[in-house]
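# Breakdown of the fold
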Amino acid sequence: SHRSRSFPVLKRPAGQSLFCFSLMLPWGYEKGLLQNQYRRGASIFACDEYAIFSNKEILVSEGLKTQIVKSDLKCKMGGEFKTCLNTPIFMKVWDKLLALKRVQFHDWTVKVDP
């Protein structure tokens with residue numbers, strides 16, 4: 001079962017390996033969504049390896065904790081399309097991803113909303 005391993009790795013043909021991640025807000029409904037996806041092996045949990053990031057360590061499900069990103073995860077809305085101006089938050093996520101030294105074992109890195 002993938003639930004007992006901290007870094008589950010599946011084997012795919014060359015060029016198809018996926019490292020998937022999500023950024024979870026510690027408030028709201030995202031934890032519940034991720035719990036459901038984890039139980040079903042869906043979304044990022046169908047990837048070769050996965051991680052969930054948040055601004056504190058949160059037990060999402062048994063054997064599944066968030067990785068900590070140094071950010072309050074809050075951003076302003078703005079720009080031409082009035083969207084979240086969250087680039088600085090995701091730069092911190094990428095810093096953490098690179099520090100974990102796991103993405104280089106995969107062909108693709110995929111960011112997925114919960």
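Going by the structure above, here's the rest.
Scope of this entry: the structure provided in the associated data block.

### With respect to the pattern of salt bridges
- For the structure shown, the criterion picks out 3 salt bridges.
- Between arginine 102 and glutamate 49 there is a salt bridge whose closest N-O contact spans 2.7 Å. One end of the pair, arginine 102, is in the loop between helix H2 (87-100) and strand S8 (108-111); the other, glutamate 49, is in strand S2 (residues 49-54), with 53 residues separating them in the sequence. Residues arginine 102 and glutamate 49 agree in their burial class; the two are buried.
- With its nearest N and O atoms 3.7 Å apart, the salt bridge here joins glutamate 57 to lysine 65.
- Taking relative accessible area as the criterion, lysine 65 reaches 49% and is therefore assigned partly exposed.

### A word on the sheet that holds strand S5 (residues 67-68)
- Strands sit in the order S5-S2-S1-S8 across an open sheet of 4 strands; the sheet is parallel. Of all the strands in the sheet, the pair left with one neighbour each is S5 and S8.
- With 5 bridges connecting them, strand S1 (residues 18-23) and S2 associate as parallel partners. Following the sheet pairing, cysteine 20 is matched in S2 by tyrosine 50.
- Its contacts with the sheet put H2 on S1, S2, S5 and S8, and the angle it makes with S1 is roughly 140°.

### A word on the environment of glycine 78
- Looking at where glycine 78 falls in the secondary structure, it is placed in strand S6 (residues 77-78).
- Those residues within four positions of glycine 78 in sequence are excluded, and the remaining contacts are Thr83 and Leu85.

### A short note on the packing of aromatic side chains
- One pass over the structure, following the stated rule, counts 4 aromatic pairs.
- Measuring from ring centre to ring centre gives 5.8 Å for phenylalanine 21 and tryptophan 94, while their planes differ by 85°; the resulting arrangement is edge-to-face. Of this pair, phenylalanine 21 sits in strand S1 while tryptophan 94 sits in helix H2, and the two are 73 residues apart along the sequence.
- Since its relative accessible area comes to 1%, phenylalanine 21 is described here as buried.
- The exposure class assigned to tryptophan 94 is partly exposed, which follows from its relative accessible area of 33%.

### With respect to unusual backbone geometry
- With a phi angle near 55°, lysine 82 is a residue other than glycine that sits in the positive phi range.
- Given a relative accessible area of 59%, lysine 82 falls into the exposed group.
- Not every positive phi belongs to a glycine, and lysine 101 is a case in point at roughly 55°.
- Checked against the element boundaries, lysine 101 lands in the loop between H2 and S8.

### Overview of the layout of surface pockets
- The calculated volume of the largest pocket comes to roughly 310 Å³.
- Elements supplying a minimum of two residues to the lining of the largest pocket: helix H1 (30-40) and H2.

### Overview of the side chain of serine 17
- Its place among the elements puts serine 17 in the segment before S1.
- Among the polar contacts listed, one links the side chain of serine 17 to the side chain of histidine 106, at a separation of 2.5 Å.

The rules behind the values
Residues numbered from 1 in each chain as written. Predicted model: local features only at pLDDT ≥ 70, side-chain atom pairs only at ≥ 80, totals over all residues. Heavy atoms only, no water. Salt bridge = Lys/Arg side-chain N within 4 Å of Asp/Glu carboxyl O. Helix = DSSP H or I, 4+ residues; strand = E, 2+ residues; numbered from the N terminus. Buried < 20%, exposed > 50% of the residue type's maximum accessible area, 1.4 Å probe, protein only. Pairing = 2+ DSSP bridges. Contact = heavy atoms within 4.5 Å. Axes fitted to C-alpha atoms, helices over the stretch in contact; angles between N-to-C directions. Phe/Tyr/Trp six-rings, centres within 6.5 Å; stacked < 30°, edge-to-face > 60°. 1 Å grid on protein atoms, 1.4 Å probe; cavity = no way out; pocket = protein on both sides within 12 Å on 5 of 7 lines; lining within 4 Å. Points joined across faces, edges and corners; volume = space filled by probe spheres on them. Polar contact = N/O pair within 3.5 Å; in protein donor to acceptor, adjacent residues only side chain to side chain.

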